Each structure stands twice: as structure tokens, then as C-alpha cells.
Amino acid sequence: GAMPVALASRGATVGFEALAAARCASFLVIAHRLYVLVAVRPPFELKANYLATTRFPLRPVKLWGLRRLVTFTVQTWTLQGIYFALATAAAAAGARGLEAPPWLPLKATRYLFEVAWAVSHLVTSVTTYVLVPAACGAFDGDVRDLPLLQADQLVLHNVNCILMHVDTLLSGQYLAYDHAGAALLYACYYVSFAWSRARFVAGGVPYFFLDYSLPRALAFKLHLGLAGVVVLFFYLGVFVTTQLGELAVPARCLVHALIVGAIVRFRPPPKYRAPPKAD
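So, a few notes on the structure that sits alongside this text. (Residues numbered from 1 in each chain as written. Predicted model: local features only at pLDDT ≥ 70, side-chain atom pairs only at ≥ 80, totals over all residues. Heavy atoms only, no water.)

### A few points about the overall build of the protein chain
Operational definition: Helix numbers and strand numbers start at the N terminus; a helix is a DSSP run of H or I with at least 4 residues, a strand a run of E with at least 2. For this measure, only C-alpha atoms enter the radius of gyration; the expected value for a globule follows 2.2 Å times N^0.38, where N is the number of residues.
Across its full length, the protein chain carries eight helices and two strands. Listing every helix and strand of the protein chain by position from the N terminus yields α-α-β-β-α-α-α-α-α-α. Whereas a compact globule of 279 residues would reach a radius of gyration of roughly 19 Å, the protein chain reaches 20 Å, a difference of no more than 12%. Dimensions of the protein chain, computed from C-alpha atoms along their principal axes, come out at roughly 60 × 55 × 35 Å.

Right under this line is the structure:
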């Protein structure tokens with residue numbers, strides 16, 4: 001019926017028309033950001049942060065044009081863009097009381113939602129609690145000039161998570177335990193992509209934990225760790241979204257806001273902020 005077509009559960013808080021409009025707006029945000037990154041922004045330098053035993057050359061990699069799409073964060077944005085495009089079509093069909101058109105893979109779109117929820121929270125959490133504090137501590141200068149705290153990076157590492165919470169609130173969708181394989185498959189895809197690009201194109205991987213030139217046991221542990229973290233965030237998503245569905249709408253809105261507020265970061269951590277200038 002119309003409900004599964006719209007990819008909305010019984011916990012949906014808006015009608016199909018509003019859901020289609022919100023998803024379309026999310027898609028446009030993502031499409032615009034990807035266009036800006038690929039077609040407008042100057043080259044971005046990605047530092048080679050390898051471990052000491054690597055066999056890859058320790059040289060920074062410049063990313064521009066389509067090369068901007070190779071990082072895990074930007075590929076997660078692309079995944080969300082695909083999800084929101086398909087989910088907009090699903091909600092629009094639901095609004096008209098129609099069944100899914102034959103070209104619309106509803107089950108795959110549901111999996112895209114679940115994977116995008118998990119990996120967007122992974123990206124935002126790691127950036128907020130690991131990358132930004134570490135970069136602030138090592139930065140020699142005003143941390144407000146830190147690349148990770150510039151507009152492009154702030155949008156990429158925070159808005160992804162916000163969009164998934166908005167969609168979850170409006171649609172009432174949730175992650176399912178028995179779909180965790182989809183998240184693991186996405187992690188395997190990205191590792192395979194990074195390996196292939198390193199072998200045939202770039203001569204290096206974007207992140208140290210994808211470094212297959214390390215001693216085999218260490219490389220295996222790092223890759224297994226990546227898969228474990230992705231699946232862990234998926235299961236956290238299962239717990240959060242299923243529990244939220246049991247709450248009244250005002251309480252649900254509050255919890256969504258609290259979760260987002262806890263993991264997004266648009267400013268340096270308090271201890272790295274410059275004191276106000278004296279008059």
C-alpha cells in the first residue's frame with residue numbers, strides 16, 4: 001500500500017506530501033554540496049597519515065574535481081544523496097496513493113537509509129570526538145583557521161547526521177537488527193574501492209586503517225576494526241531508532257535534538273577556544 005511505498009512507518013509525524021518535500025530538500029542540499037566540492041572548490045590537500053611500518057610513500061594527496069569523491073565522508077554524502085532521491089520518489093508515490101513504480105527498488109532504498117544512518121553518525125562522532133580535538137592540539141596557530149573547522153568541512157561532517165535525524169523523525173523509519181549485513185557490505189565496498197584505487201591509480205590509501213602494505217596481522221586487525229565499528233554504529237542506530245518510535249512526538253523531537261546536539265560540532269572544543277579580547 002501507500003505506507004510502504006513512502007518508506008514511512010506507523011510512527012511517521014507528517015503526511016506523504018510533506019515527507020516528499022522534506023526529502024527533496026535534503027537531496028538538494030546534498031546535490032548542491034557535492035557540486036560545489038567537485039566543480040567549484042580548489043584542490044584539497046589530504047595528508048598521508050600512515051603508521052611507521054607502511055610501505056606507501058609519505059606524500060600528501062591533492063584532491064580536486066571527481067577526486068574529491070574518494071574520501072569516506074564524501075562517499076557517505078553520495079550514498080545519502082542516492083537515498084534521498086529514491087526516498088523522495090517513494091514518498092511522492094505514496095502521496096498519490098500509488099504503488100511503487102517498477103524502477104524504484106524499495107527494499108534497497110530501505111537498506112540505503114539504514115546504512116546512511118549508521119555511517120553518517122560514525123563520521124560525525126569520530127570527527128567531533130577524535131579528529132577535531134587531535135587537530136586542535138597539534139595545530140600551531142589560531143584553531144579557528146583549522147581546515148576541519150572551515151565551512152566546507154563543518155557541513156560535510158555535521159549536516160549529514162542532521163539530515164538523517166530529520167528524515168527519521170518525519171518518516172518514523174528505524175533500523176532493523178537483521179539488516180546489519182548491509183552496513184558490513186558497505187564497509188567491504190569502501191575497503192575494496194580504496195585498495196583498487198591505491199593499486200591502480202593513486203599509489204596510496206586515504207586512511208591509515210586501510211593500509212594493506214602494513215604487516216599482515218596489523219592490517220587485518222585494522223580492517224576488522226573498521227568493520228566492527230561500522231556494525232557497532234548500525235546496532236546503536238537500531239537501538240536509538242526503535243526506542244524513539246515508542247515515544248510521544250514531543251519527547252521524540254527532544255531526544256532527536258539532544259542526540260544531534262551531543263555529536264555535532266561547529267566550533268572548537270572549549271579548551272581550545274581563544275579567550276575574548278580585552279577592550
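Now that the structure has been shown, we can carry on.
### Examining the side chain of threonine 124
Under the convention used in this document: For each residue, the accessible area found with a 1.4 Å probe, counting protein chains only, is set against the maximum for its type, and the residue is called buried under 20%, exposed over 50%, and partly exposed in between. Between two residues, a contact is recorded if the distance between any of their heavy atoms is within 4.5 Å.
With respect to the helices and strands, threonine 124 occurs in helix H4 (residues 106-138). Under the relative-accessibility criterion, threonine 124 is labelled buried at 0%. When residues no more than four places from it in sequence are discounted, the contact partners of threonine 124 are His157, Asn158, Asn160, Cys161, Ile263 and Val264.

### Regarding the packing of aromatic side chains
To be explicit about the condition: Ring pairs shown here join Phe, Tyr and Trp side chains whose ring centres sit within 6.5 Å, with only the six-membered ring taken for Trp; geometry is labelled stacked below 30 degrees between planes, edge-to-face above 60, and tilted in between.
Scanning the entire structure with this criterion turns up 14 aromatic pairs. When the ring of phenylalanine 72 is compared with that of tyrosine 186, the centres are 5.9 Å apart and the planes differ by 55 degrees; the resulting orientation is tilted. Of this pair, phenylalanine 72 sits in helix H3 (residues 72-95) while tyrosine 186 sits in helix H6 (residues 180-202), placing them 114 residues apart in sequence. With respect to burial, phenylalanine 72 and tyrosine 186 carry one shared label: buried.

### Looking at empty space enclosed by the protein
Operational definition: Computed over the protein atoms alone on a 1 Å grid, cavities are sets of points where a 1.4 Å probe fits but cannot get out and pockets are open sets with protein on both sides within 12 Å along at least five of seven lines; a residue lines them when it has an atom within 4 Å of a point. Grid points are joined across faces, edges and corners, and a volume is the space filled by probe spheres set on the points. For this classification, Asp, Glu, Lys and Arg are treated as charged, while Ala, Val, Leu, Ile, Met, Phe, Trp, Tyr, Cys and Pro are nonpolar and the rest, including Gly, are polar.
Within the structure shown, the criterion is met by two cavities of 30 Å³ or more. In this structure, the largest cavity encloses a volume near 80 Å³. Lining of the largest cavity is provided by Leu46, Lys47, Ala48, Tyr50, Val61, Leu63, Val70, Arg197, Ala202, Gly204, Val205 and Pro206. The set of elements that each furnish at least two residues to the lining of the largest cavity consists of strand S2 (61-63) and H6. Looking at side-chain class alone, the lining of the largest cavity contains nine nonpolar, one polar and two charged residues. Reported here for the second largest cavity is a volume of approximately 50 Å³. Considering the residues around the second largest cavity, the lining is formed by Thr124, Thr127, Thr128, Val132, Leu148, Leu149, Gln153, Leu154, His157, Asn158 and Arg265. Going through the elements one at a time, H4 and helix H5 (151-171) are the ones with two or more residues in the lining of the second largest cavity. Partitioned by chemical class, the residues of the lining of the second largest cavity number four nonpolar, six polar and one charged.

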